[in-house]
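# Breakdown of the fold
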There are 2 protein chains.
Amino acid sequence: MARNTQVSADHNAPPVTRTLAEFVVNHPSQGWSDAVEHEAHRTFLNWLGCAVGAAHHESTQAALAAVQMLEPAQQATLAGLGERVDMASAALINGISSHTFDFDDTHLKTIIHPAGPVASAVMALAEHLGSSGREVIDALVLGIDVACRVGNCLYPDHYDRGWHITGTTGMLGASMACARLLKLDVHQTQMALGLAASQPIGLREQFGTMTKPFHPGGAARAGLMSALMASKGFTSSPKALEAPRGFAQVVSTKFDWSEIDSELGKRFEISFNTYKPFACGIVIHPSIDACVQLKNKGIKPEQIERLDLRVHSLVLELTGKKEPQDGLQGKFSVYHSCAAGLTFGRAGEEEYDDALVNRADMQALRRKINAIVDDSIDEAAADLTAHLTDGTSHHIRVDHAIGSMENPMTDELLMGKFHALSDAVLGESQTQALIDQCWTLGKAPNLKALLALCVPKK
Amino acid sequence: MARNTQVSADHNAPPVTRTLAEFVVNHPSQGWSDAVEHEAHRTFLNWLGCAVGAAHHESTQAALAAVQMLEPAQQATLAGLGERVDMASAALINGISSHTFDFDDTHLKTIIHPAGPVASAVMALAEHLGSSGREVIDALVLGIDVACRVGNCLYPDHYDRGWHITGTTGMLGASMACARLLKLDVHQTQMALGLAASQPIGLREQFGTMTKPFHPGGAARAGLMSALMASKGFTSSPKALEAPRGFAQVVSTKFDWSEIDSELGKRFEISFNTYKPFACGIVIHPSIDACVQLKNKGIKPEQIERLDLRVHSLVLELTGKKEPQDGLQGKFSVYHSCAAGLTFGRAGEEEYDDALVNRADMQALRRKINAIVDDSIDEAAADLTAHLTDGTSHHIRVDHAIGSMENPMTDELLMGKFHALSDAVLGESQTQALIDQCWTLGKAPNLKALLALCVPKK
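Residues numbered from 1 in each chain as written. Chains lettered and ligands numbered in written order. Predicted model: local features only at pLDDT ≥ 70, side-chain atom pairs only at ≥ 80, totals over all residues.

## Here we look at the overall build of chain A
- Secondary structure summary: chain A contains 21 helices and eight strands in total.
- Its C-alpha atoms give chain A a radius of gyration of 22 Å, near enough to 23 Å, the size a compact globule of 458 residues would have.
- Seen through its principal axes, chain A has C-alpha atoms that stretch 75 × 60 × 45 Å.
- Burial analysis of chain A (458 residues in total) assigns 58% to the buried set.
- The contacts in chain A between residues at least 6 apart in sequence include a share of 79% that link residues at least 24 apart. (Helix = DSSP H or I, 4+ residues; strand = E, 2+ residues; numbered from the N terminus. Rg over C-alpha atoms; globule rule 2.2 N^0.38 Å. Buried ≥ 20, exposed ≤ 12 C-beta atoms within 10 Å, placed from the backbone. Contact = placed C-beta atoms within 7 Å.)

What follows is the structure in C-alpha cells.
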C-alpha cells in the first residue's frame, strides 16, 4: 500500500517561499489599478456583512464560549457582538462567523473563499496595531494574492483529494497579510510563511458541520500567530512551500509553480473574486436569477400555472430536493430556491428559514416547478419558461447569473446584501454607517470608527 | 497531473471515530496492568524533564514572547518558567519546549513522540480543572493510545510522504485526553475528535528549525481547543477520521483500520514508549553506549591508541560528520558523540554545547576513531574494539543499545537524565522533589504540589 513519494518529488522547484516573502514586503502600497483597489473594498464589505450576519449563530457562539474559557484579554472587536477577545481569538471567531452562512466571497478558479482567513486576521491585528485603512487594504490584497496563487498552483488535485482549500491556503494568506501589517523584513516574512505552511486546516468531509466555518477561522488564527511568532525570531524552513517534503508536494500531486510567480505584482487574484447574491450553492444561482427576473416583470406567484426550468443534469444531482423539510435542505433544493426568488425577489439567509421552507404557499409554488434535464445547457446557465394562468407564457434565459465574473454583483446589490444580513443585528442606520465606512476604508486613519460601528448599541 | 483520489477511496471503513470516542469515554480508570501504569509515569517524567530543560531555549522564548502579545490570562504553569499564560498557550509552549532538544519519548513503530502533544495539553487543562493525578494518568494513557493507534494505521506512507507524524496524530491524542479530563459524553468526544482531525500540524521539511518543536506544541493546543469547543456544542463530521474525504484517506494512501480497533482497551501503545538516553539521533545510540561501557571499565581517553568502530552504512550516511564545528553538527557526528560518551560517560544536551564540540581534547579523541562500514551489523547495533597505548585491546558489542525496547532506560537512568536537564533550571533539590512528585502522580489529589515545583524559586 505504501506510496513512494520520492518518485514524483520535484527537487528543482523555484524558491517560491522566498519570492512570495519578497513580494509581500516590497510591493508598493496601492501598487495596483483602481479596479483592484475597488475590488478590495468590495471584498472587505462583503466579508464584514457575512460576519455580522452570523454573529448570533450557534457556531459562532459555541466557539466564543470555548474561547471565553481562556479568559482572553479584551483586545479586539467581534463583528456584530459586544464581547471583546484577544486578537488571535478574534481572528478565529470572525473567521467562523463570516463563513457560517456559506455566503462569503469566492475565487472561482480555486473555489477558495479568501476573505474569511485573510480579512479576519487583518482586522484583528490592525485594531491592535492601530494600522491605517491604507495598510489594511494593502495587507488584504497581498494576503489574498498569496492564498489564491498557492491555490492556483495546487488546484484541482489538492481539492479533489479532500482538502478544504479555503483553510489549507488561507493560513498562508493570513500570515502574509499580518507580516505586512507588522512590517516584518523579508527574512521574518519568509519564516512566517514557513511556519504557516505547517498548519493546513480543513477537510471537505466536514461540510455540513460547524467545523466547515471553523476552517477559515482557524486559518486566520494560525496565520496571525505565525506572523507574531516570526516577529519574535521563530524560525522555519526557508523552502517550506516548495521543498520535496514541503507544503505543496505533501498536500498535492499537482503543483504548477508558475501559478505562484508569473505576473506577480501585475495580476492580482482579488480581481477574480466574486460575491454570492444567494445564500446557497452556486449551481442554482442562474435558476434563482431567472425567477427574480420574472418577479421583476411584475409576475406574481398566484399567476403561475407551471414553470418549465431547463438545467444541466448537475443542477439536479446536487440540488434536486423537491420537498425540503428545513432550511438546510432548502439550500439543496432548486425548487425552494426558485420559489423564494419568485416570491421575494431574493434568496438570502432569511429565505432559508425552517418555517419559511415549510410555509404552504412555498410548498404549493415548488410543486408548480417542472425541472427538465438538458445537458445542452451550460452548468452556469438556466432556461425558464413561465406558463401563466391567463394562457400567456414568458421565457427567460440566463447565461451568466448575477454574481458571476461576467455579471458581477453591483455595489448596490452588495449593499442590499449587507443590509439583509446586518440590519437585524446592528439596526438599519448603523448598518448604513458601517457600509459607508467600508467604502472609504482605504482613506481611514485607523479602524476605530469602523470597529465602533461593528458593535451593537446596548 | 491531477490524481483521482476516488479510485483508491475506501467507502467501507469501520466507524473508528465513534469507536475511539466510546473507548475514551468508557474505559475504566486505571483499567490496565501495573506495567502500563508505571510506563505512564515514566512517560510523564521524561516529558517534564525535557520541557523544564528547554525552558530558556530561544525557541521556547520566541513562542512565549508571541503569546505575551495576546496578554494571556495567568491560568496555567509553564515548565521551568515563572510566567503563567492561558491554558491553551501553556499547552503550546510546554509542547514546544518538551521537543526542542529532540530528547523526548519515542513510540518506535511510528516514530511518534507522543507525550509532547498529549501531556502538554493534559497538564494545562488539568491545572485549570483541578483534576486529580489519577485523572491525569488516565487521560495520558488514553490520549497516547489514540494518537499512536492512528499512527499505526497510517505509518509508514503518511510519514514517507512528508508529514511530521508527531504533530499530525498528536492533535487527535490531545483532544481525546482533554475530552476525558472534561468528562465529555460520547457524542461530544466524537465531535472533539472530528474537529481535531481537521488540524494536522507538521511537515518534515521543518526539521532543523524551530517549527519542528512547534508541531507537538501546536498539536497540543489544537487538541485542547477542540475538546473545549466540543464541550460548548461545536460539531464536526462523526466520520471525520475514516470517511473517503476524512483525515486518514486525505493524509495517507495506506490506512490499516485494524490498527485502530484491534485489542482496543487490552493492548496499550504507551507500553511501547521508549526514552532517549542520548540527545541525538537514535542511529548512533549503540555506538555511544559502547563507549560509555568502555569508560565504565575504567579506560580513560588518554589510554586510547585507536578505536575501531564497526557500524551499518546508514550510521555514517546520517551521522558521518568527522569534524563538527558546533553543537548541532555534533549531533550528526558519530565521532563527537563517541568521544563524549568515552570522556563523560554520557551524551546529554550539555555534551552538544558549541564550546565543548570545539575543545582540543574532543577533537583529538575524534581523530582516533576509525569508523568502518559493515552492513552485516544491524542498524541498531555497534561493534567497538579499543586499541590502547599499552598494546592491549578491549572488545565491546552492543546489540540492543540502552533506551531500546529490549534494553530500556531504567528508572534510575531516567532520573539521572531529568537531573541533567533540570538541575540548572530548578536546582538539584527542587528537581529531586519534582521527580518524586512525578512518581506518585497517579495518587496525587491534584497537580498543585507538582506544578509549584515546576516553577523556579525567585
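## So, the sheet that holds strand 6 (residues 369–373) of chain B
Residue and element names in this part refer to chain B.
- In space, the four strands of this open sheet follow the order 6-5-7-8, with mixed pairing throughout. Every other strand in the sheet has two partners, leaving strand 6 and strand 8 (393–398) as the edge strands with one partner each. Averaged over all pairs of adjacent strands, the angle between their axes in this sheet comes to 15°, without regard to strand direction.
- The sheet contact formed by strand 7 (residues 382–388) and strand 8 spans six bridges and is antiparallel. Bridging from a neighbouring strand, Ala 382 pairs with Val 398 of strand 8. (Pairing = 2+ DSSP bridges. Axes fitted to C-alpha atoms, helices over the stretch in contact; angles between N-to-C directions.)

## Overview of the nonpolar core
- Counting residues in each nonpolar core, the largest one holds 305 residues, and the members touching the most others are Val 122, Leu 140 and Leu 224 of chain A together with Val 122, Leu 140 and Leu 224 of chain B.
- Excluding residues that lie within four positions of it along the chain, Leu 224 of chain B makes contacts with Met 87, Ala 88, Ala 91, Ala 121, Ala 124, Leu 125, Ala 174 and Cys 178 of chain B. (Core = buried A, V, L, I, M, F, W, Y, C linked by C-beta atoms within 7 Å.)

## A word on the sheet that holds strand 5 (residues 304–311) of chain A
Residue and element names in this part refer to chain A.
- The mixed open sheet is built from four strands, whose spatial order is 6-5-7-8. On the outer flanks of this sheet lie strand 6 (369–373) and strand 8 (393–398), each paired with one strand and no other. Averaged over all neighbouring strand pairs, the angle between strand axes comes to 15°, with direction disregarded.

## Regarding the domain arrangement of chain A
- Each domain of chain A was delimited in the assignment, giving domain 1 (16–275) and domain 2 (282–398).
- Computed from C-alpha coordinates alone, the two centres of domain 1 of chain A and domain 2 of chain A are separated by 35 Å. (Domains from an automatic or database assignment.)

## Topic: the packing of helix 2 (residues 34–53) of chain A against helix 19 (residues 411–426) of chain A
Residues and elements named next belong to chain A.
- The interhelical angle for the contact between helix 2 and helix 19, taken along N-to-C directions, is 30°, at an axis separation of 8 Å. By the angle class used here, helix 2 and helix 19 are roughly parallel. Viewed along their axes, helix 2 and helix 19 form a crossing whose handedness is left-handed. Note on element contacts: helix 19 touches helix 2 through Leu 414, Lys 417, Phe 418, Leu 421, Ser 422, Val 425 and Leu 426, opposite Arg 42, Leu 45, Asn 46, Gly 49, Cys 50, Val 52 and Gly 53.
- Tallied by class, the residues present in the contact of helix 2 with helix 19 amount to eight nonpolar, four polar and two charged. (Parallel < 35°, antiparallel > 145°, perpendicular 65-115°, else oblique. Left-handed = near helix turned anticlockwise from the far one by under 90°. Nonpolar A, V, L, I, M, F, W, Y, C, P; charged D, E, K, R; others polar.)

## Brief notes about the packing of helix 16 (residues 334–344) of chain A against helix 18 (residues 360–367) of chain A
All names here are of chain A.
- Interaxial distance between helix 16 and helix 18 falls to 9 Å at its minimum, and their mutual angle equals 110°. Considering their axes alone, helix 16 and helix 18 lie roughly perpendicular with respect to each other. Handedness of the helix 16/helix 18 crossing: right-handed. Every residue of helix 18 that contacts helix 16 at Tyr 335, His 336, Ala 339, Leu 342 and Thr 343 is listed here: Met 362, Leu 365 and Arg 366.
- Here the residues of the contact of helix 16 with helix 18 sort into five nonpolar, two polar and one charged.

## Details of the environment of Asp 423 of chain B
Residues and elements named next belong to chain B.
- Its place among the elements puts Asp 423 in helix 19 (residues 411–426).
- Sequence-wise, Asp 423 and Val 398 are 25 residues apart; in three dimensions their C-alpha atoms are separated by 30 Å.
- Not counting residues within four places of it along the chain, the set of residues in contact with Asp 423 comprises Glu 428 and Thr 431.

## Focus: the relation of the copies chain A and chain B
- Mapping chain A onto chain B leaves a residual RMSD of 0.1 Å; the transformation is a rotation of 180° accompanied by 0.0 Å of translation along its axis. What we have between these two chains is a two-fold relation. It is Pro 72 of chain A whose C-alpha, among those of chain A, lies nearest the rotation axis, at 3.1 Å.
- Mapped onto chain B, 100% of the interface residues of chain A are again interface residues, and the two copies thus contact each other with one and the same surface. (Least-squares fit on C-alpha atoms with pLDDT ≥ 70 in both.)

## Looking at the interface of chain A and chain B
- The partner chain B presents 59 residues to the 59 residues of chain A that form the contact.
- Top contributing element to the side of chain A that touches chain B by residue count: helix 10 (residues 211–231) of chain A, with seven residues.
- The residue makeup of the side of chain A that touches chain B, split by class, is 27 nonpolar, 19 polar and 13 charged.

## Digging into helix 2 of chain A
- End to end, helix 2 of chain A covers 29 Å across 20 residues, agreeing with the expected 28 Å (1.5 Å per residue, within 8%).
- The buried count for helix 2 of chain A comes to 14 of 20 residues, which makes it a mostly enclosed element. (Expected span 1.5 Å × (residues − 1).)

## Digging into unusual backbone geometry
- The step from Tyr 155 of chain A to Pro 156 of chain A runs through a cis peptide bond, and the omega angle for that step is 5°.
- By secondary structure assignment, the location of Pro 156 of chain A is in the loop between helix 6 (133–154) and helix 7 (157–160).
- Phi angles above zero are rare outside glycine, and Glu 263 of chain A is one such case at about 55°.
- Here Glu 263 of chain A is to be found in the loop between helix 12 (258–261) and strand 4 (273–275).
- A tally of 10 C-beta atoms within 10 Å means that Glu 263 of chain A is categorised as exposed.
- Backbone geometry at Glu 71 of chain B places phi at a positive 50°, although glycine is not the residue there.
- Looking at the element boundaries, Glu 71 of chain B is found in the loop between helix 3 (58–68) and strand 1 (76–77).

## Remarks on the environment of Ser 337 of chain A
Residues and elements named next belong to chain A.
- For Ser 337, the position within the fold is in helix 16.
- As for Ser 337 and Ala 279, which are separated by 58 residues in sequence, their C-alpha atoms are 9.4 Å apart.
- Sequence-distant contacts of Ser 337, defined by excluding residues within four places in its chain, comprise Phe 278, Cys 280, Ile 284, Ser 287, Ile 288 and Ala 347.

## Comments concerning the environment of Glu 350 of chain A
- With respect to the secondary-structure elements, Glu 350 of chain A resides in the loop between helix 16 and helix 17 (354–357).
- Placed 71 residues apart in sequence, Glu 350 of chain A and Ala 279 of chain A show a C-alpha to C-alpha distance of 8.9 Å.

## Some remarks on the confidence of the model for chain A
Residue and element names in this part refer to chain A.
- Averaged over chain A, the pLDDT score is 95; the fraction of residues at 70 or greater is 98%.
- Contacts of residues 1–7 to residues separated by more than four positions or lying in other chains number 13 contacts, the stretch itself having pLDDT below 50.
- Scoring of the predicted complex yields 0.95 for pTM and 0.94 for ipTM. (pLDDT = per-residue confidence, 0-100.)

## Observations regarding helix 9 (residues 186–197) of chain B
- Under the 1.5 Å per step criterion, the end-to-end length of helix 9 of chain B is 16 Å for twelve residues, consistent within 8% with the ideal 16 Å.
- Most of helix 9 of chain B sits inside the fold, with ten of its twelve residues counted as buried.
- Turning to helix 9 of chain B, its buried residues number three or more, namely Gln 188, Thr 189, Gln 190, Met 191, Ala 192, Leu 193, Gly 194, Leu 195, Ala 196 and Ala 197 of chain B.
- The secondary structure elements touched by the buried residues of helix 9 of chain B are helix 10 of chain A together with helix 1 (16–26), helix 8 (165–181), helix 10 (211–231) and helix 11 (247–251) of chain B.

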